[in-house]
Each structure stands twice: as C-alpha cells, then as structure tokens.
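Overview (structure and organization)
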Amino acid sequence: MDLLPKTRQEFSSAEYWNTFFKKRGKESFEWYGEYNELSGILHKYIKTKDQTLVIGCGSSRLSEDLYDLGYHSLVNIDISDIVIKQMKARSEGKRPQLIYEKMDVFKMAYEDNQYSVVLDKGTLDALLPDGGDKNVKDISRMFHEISRVLRIGGRYICVSLAQKHIIDTALQYFVERGWMSRVHCLLRTSGGQDVFPLPVFVFIFTKFKQIPGASPILEFSVGEDGKAERYSKIEALSNMIEQSQNYSLIRDNLQKKLHLDDQIQLDLHSPGSSALRYRLTVVDRKRNKDKQKKFAIFIVPHGREVEWMFATSEGRLQLSDSAGFQRLVVVTLHRGQSYGSLGTIQEELSGKVMDLAPQDLDPSVKVPFLSAGTDIGSRQVRFEGESPGYGKLVVEEVMPEDETHYRRLICLSQENFIQSEVKLLKETSKGNKKKSKSKGSRNPLEDYSHLSLDHQNEVLAGLMMVEDIATKISSGLRLLFIGLASCSLPVFLHKYSQKIHIDVVEPDIVMETVAKEWFGFKEDEQQRLHRSDRCQYVKGAAERLDGIKYDAVILTLTADRQSGSPSDQDLLIKLKEIMASSGVLIISHFYQESERASRILSNVQDNFGLVSIAKKDKTLGTAIYCLCVLPSSHRDNKSSILDKWRTNADSLRKQSSKVGNSTILDLREQLDELKIL
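Structure report, in brief. Residue positions are counted from 1 within each chain, in the order its sequence is given. Predicted model: local features are reported for residues with pLDDT of at least 70 only, side-chain atom pairs are reported and counted for 80 or more only, and whole-chain, interface and lining totals are derived from all residues. The side-chain quantities take in all heavy atoms of the structure and omit both hydrogens and water.

1. As for the nonpolar core
Take the buried Ala, Val, Leu, Ile, Met, Phe, Trp, Tyr and Cys residues and link them wherever side-chain atoms come within 4.5 Å; each set so joined is a nonpolar core. A simple rule labels every residue: compare its accessible area, found with a 1.4 Å probe on the protein chains alone, to the largest value its type can have, and call it buried under 20%, exposed over 50%, or partly exposed in between. By size, the foremost hydrophobic cluster in this structure holds 49 residues, and its most contacted members are L393, L463, L479, F481, L484, L493 and F519. Contacts are assigned to residue pairs that have any heavy atoms within 4.5 Å of one another. Non-local contacts of L393, meaning those with residues more than four positions away in its chain, are made with F383, E384, G385, S387, L409, I410, C411, L412, V510, M511 and V514. The next biggest cluster of nonpolar side chains, apart from the first, holds 42 residues, and it includes L53, M103, I146 and I166.

What follows is the structure, given as structure tokens:
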C-alpha cells in the first residue's frame, strides 16, 4: 500500500509520520500484528497493575485494547502532536484513565525507576533504520532513558521485525549491562497474498543489577509458550532469529508457487539443540490437476540417504515422477538422533511439513506419508572423531529395512559420500553394544569378500589397464595407495590375493586408527603402512636406488585433503618415475567444484599420454571420477585399448572362478562405460 515507507530511512522522520497519520486518519496502524496476535505474549509479561509506559504509541489500538481488559496504568507518548490529539479524542469519555502525552523518547520527563514496563511496538525499528554510527549512538540515548525510568526487575518489551542491525544493537547494549534477554518468535498464520511473510519478534529485556563477570542470559522461544533455548553468545541467538526469518520467507514462497527449476532444502532442529534432526527437500513437478495428487511426504530410511535416488537432484526428480505428486517433500533422518517408528516421525513432522503445502491444497485431502519400506531401519554411530587431514568423520553401522547390515566411514564434509564400507553378517548386530574395539582387533563376522561401493569398483576397473593383470596378481602385483580413506579397498585386495604387494601412505593417525579398528586393515609383509606426507613419500621413493616400481598407483582425494593433489606438477613427474613402464595411475576423487575437477584432468593430460574417465558415481550424481592414466608409450587405437582391458577383465574373472575364489571379479560393466580422451 502507498502509505508504507518506500525506504527504511523514512521511518525516523517525524515529518513522514505526520504525513502518514494525516493520510491514514483515524484508522490504526497494525502492520506489526493485530492485538489478538500479540495479546498472549503481552499478558504473560505485563500485569494489570504494572505502571506501563508505551513509547512511540502512534495510532495503534494496542493501548485501547489493553485498557479495555483492565490495564488502567498506561501512559502513551509519541513525538507527533497530530497523533496524540487524535488518540486523546478517540478515547475521550470512554477511557478516562488512559493517558496520551507528546514527548521525545530521547529525553523523557519522568522520574527514575518510575515504571515496571516499557512497551515498544515498532518504535525501535522506526528510529534505527540502519546500523550507522550516528543512528546507533542516538538509539543508545533512547536505551539509556528506558533503563533510567525502569525499576530493577522491570521489563522493556520490544515488538520488532528484527533486522540484523536492530538485533545486534539492542542485544549488545543490554547484555553489556547485565540484563536478561529473551526473544519470542511469533510466526504469522500462513495465508493470502496480503499477509506479511516475516514473523514478529518480541524482545523481553529484564533489568537486573549488573554482576561483574556473570554469563549473559540469552533465550529464544517459538510462540508464546514454546520451550526456551538458551544461548551463550549473541551471535548464536542472532543466527537463530535469522533462521526463523528465512524459514518464514521460504514457507511463504513455497505456498504461493511451484519451484520447478530448483529444489529448496530446509533443516529442522530439536528445541534446545543445534544438532540436525531432519532435512527436508521440496521437489516440484508439473502434473495434471488431480487434487488427490497435490502433496505428499517421503521419509527416507536410515542409511539410504546416501543413495543416488535420495542424495541427488536427478534422483529425487525420478523419485517424484514415480510417486506422481505435484509436490513431494523428501525427508532424510540424521545420525545421532532417536526416531522411534514411521508413525512417530509422521506425528512429529505433521505440523511443520504442512507449512510447505501448496496454498491451493484442498483441506479435505489427507496428505500421504510415503517411504521405501515399512520400517525406518536403524543406525548406530560407533566412532566419532576429527582428523587434521579429513576433518570430522564418523563410523556408523546402518541396517536399512532390508536387514542388510553395513559399517561405513563418512567424512562429514561430504556427508552423502561413503568413503569405505564393509558388509556385516547378521550376527554382528546382536548384542554388540560396545563403544569401541581393542586396537588392531579383527571381527570374523566382517565380510571383506566383496565391494559394494561404485567408486571402489571403478578403481578395480582401472587395474584392468595393467598389462597382463591376471598373471601379475598371481606372481606379485605391486600397488601404492596414497591415502587411506578408502581403506576397505586395500583390505579387500589383500584378502583376495596374498601375492599382491600393497604399500599405503597415510600420515593421519586418526584415519590409521579408524582403518585398523573398524575396517580390518593390518600391517604385514605384503601390506605396509608408511606414516609419511604423501608428496615426501613419492619424492623419496623416486630418489631411492632400490628400483621398486609400482604397477598401479591409487590416489584418493577428498575435499578436505589438500596435499598430494595432481595440481602439483612436480608430484605427477615423480609418480611417473616410480611407476612400471606399463603402470597405471588411478585418481579417485570427489569434488563438487567442476573447475577444480577440470584443472586436475588438464594437469594429468599434460603429463600422461592417455586418459580414461569412468562414469559418474550414481550414488552421488556429482563430480566423482576415476581417472585412469597410461604412459605416453601406449598410444594405441582407442577401441583396441578398450578390447585389451576387457580381455584382462575376462582373464581375471575366469582365473578367480577356476581357483574357487569366493570373490569373482566381474568388471565388464565398469569397463563398458569408460571414455578415453
């Protein structure tokens, strides 16, 4: 509407407000919320006998409504002479004890400690349009006056839209003076186009005697009576307010239109906790106008959030197409949380997810909750730690609804990417509640006879590029693993053939501990661990005179691990020096940044003669590549090269079958999808 300020700067202008009230006439200005929206919180903090000062009263009906309910100790002040005259005239003869006075809030004519409550509805917002030094200094004068006229234990109740500079200025001032600060977030009722989408915040600043060294009391609550969350820092409370505003804007946007070109995500936390409990992803598709197929919720069982169908935009679109709903909210569960059953999740989420429903949803239609089975499965975190090279990581055991039990290593910087995985036999899940295993111990019920991760099978496919791989596996294939994040892969190869010589370079003691205690990695004559910097080891190996050459070098890169990257040209040169003449460099990496992936590929192409790229890992649908590189002496016809690799794979498959090995390596699918550059 035209009467609202066009810029925030107009709020602090007395001339603007006079013009506004002349245009508005006798109608009250309630865009900070009608009385029925604020009454619950006001009645909670204002007693009928409290001496209450209302600053910047304007033409609001707030004091009139309070008066009519028995609050007869109200004094209202405003800088506008026009509005004071209007308000006096409006209450004359009806509310004899309701006082209106023209007064400057920066210099009030009241006694010290005169009031129990100072009530502010939008005045702080009007007088502090930005965080400029002059404005902040001026508003400090107002805060000083409020502090002066309030008694100890008195409350400054401020109704605000809580812009960032408002939050920071007010909290900083009152926290420094030892006041208690509580914030109530009043979410507006979702509705039509005219509903203002942002929530209203009610700040309750309680005046205490200042105690030197005392910790600040900072609290946040949703609604009038929601559970109060306590924070130790202003920044944390400010961030919570900002999250509430973002949620309201997103909710309003989702209710008004479909988002066909992007998938909006929301994280939900439990009251009093910063830990993630649910992640909601909204997937919109154009459908026929069937009111029964407007809106649905899909709950992803424990452990399956890493699958392509649920972890990627492409997968969720396919899921949405299968479900057939115009809007599908995909809900994933988080580790470290207890959920109960599908029914309890539905009950907990019902109110929040309905906020995301399209505005034209027929209220008579029951919204279905869908899932990938009849159970949510289970998840148990077995280890949590933080390493210098990989950041925060967890080892968890998951059992989706099909009762297949897996132990997984996940770096939390890439929480939808499984670094290592081992299948557990069913007996492992019974009665095994211990928090950790003794160092170096082995669990015979861990099944290392197969690999279930796509990116590890892509590495195996790269080994098919080694000349006469089947013979070398039987006679002494020599491998170098740079990095131990994918630790279940060398363990698998070590069990597959005791003739394979494996060197692993890993300086990170936390990753070493995880590999040994949870994924069966052990050192012996055929499998050795070198606790050395990646680059230093490679350069040292190139300078040694023992003549050891590797048939394949497997370099595993993660987002956190920076050292030993193919962006280091000197490293690539040294790698070539320690590789056999027909050796293969296999780079397994996950970078969402396409620019970084392209730079790695370019550097490798500059140093090696032939580059082959594996398909994208469908468990992620993002930038996972297995780069298989051959020295420049092998510049053959591309089709004949692929045929040679397939022949190697067939020979190895037949060999493993012939000797009765329980693991039959069949890598034809991976090789069929390779692309030679």
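2. Some points on unusual backbone geometry
The phi angle at N113 is positive, at roughly 60°, despite the residue not being glycine. Secondary-structure assignment places N113 in the loop between β3 (99-102) and β4 (115-121). A relative accessible area of 42% means that N113 is categorised as partly exposed. Of note in this structure, A162 is not a glycine but carries a positive phi near 60°. If you trace the backbone, A162 turns up in the loop between β5 (150-160) and α7 (164-176). Each helix is a run of H or I in the DSSP string that is no shorter than four residues. Each strand is a run of E no shorter than two, and both are numbered from the N terminus.

3. A closer look at the sheet that holds strand β7 (residues 200-206)
At least two DSSP bridges between two strands are needed for those strands to be called paired. Spatially, the nine strands line up as an open sheet ordered β3-β2-β1-β4-β5-β7-β6-β8-β9, and their pairing is mixed. Because the sheet does not close on itself, it has two edges, and the strands there are β3 and β9 (229-231). Going across the sheet, the axis of each strand differs from the next one's by a mean of 20°, ignoring polarity. Here strand β8 (residues 218-222) runs beside β9; their pairing, made up of three bridges, is antiparallel. Among the inter-strand pairings, F220 is bridged to a residue of β9, identified as E229. To obtain each axis, a line is fitted to C-alpha atoms, and for helices this fit is confined to the stretch in contact; angles are then taken between N-to-C directions over 0 to 180 degrees. Sheet contacts for helix α2 (residues 35-45): β4, β5, β6 (180-186) and β7; angle to β6, the most-contacted strand, approximately 155°.

4. Quick word on helix α12 (residues 454-463)
Most of α12 sits out of view: nine of its 10 residues are buried. For α12, every residue scored as buried is listed here: H455, Q456, N457, E458, V459, L460, A461, G462 and L463.

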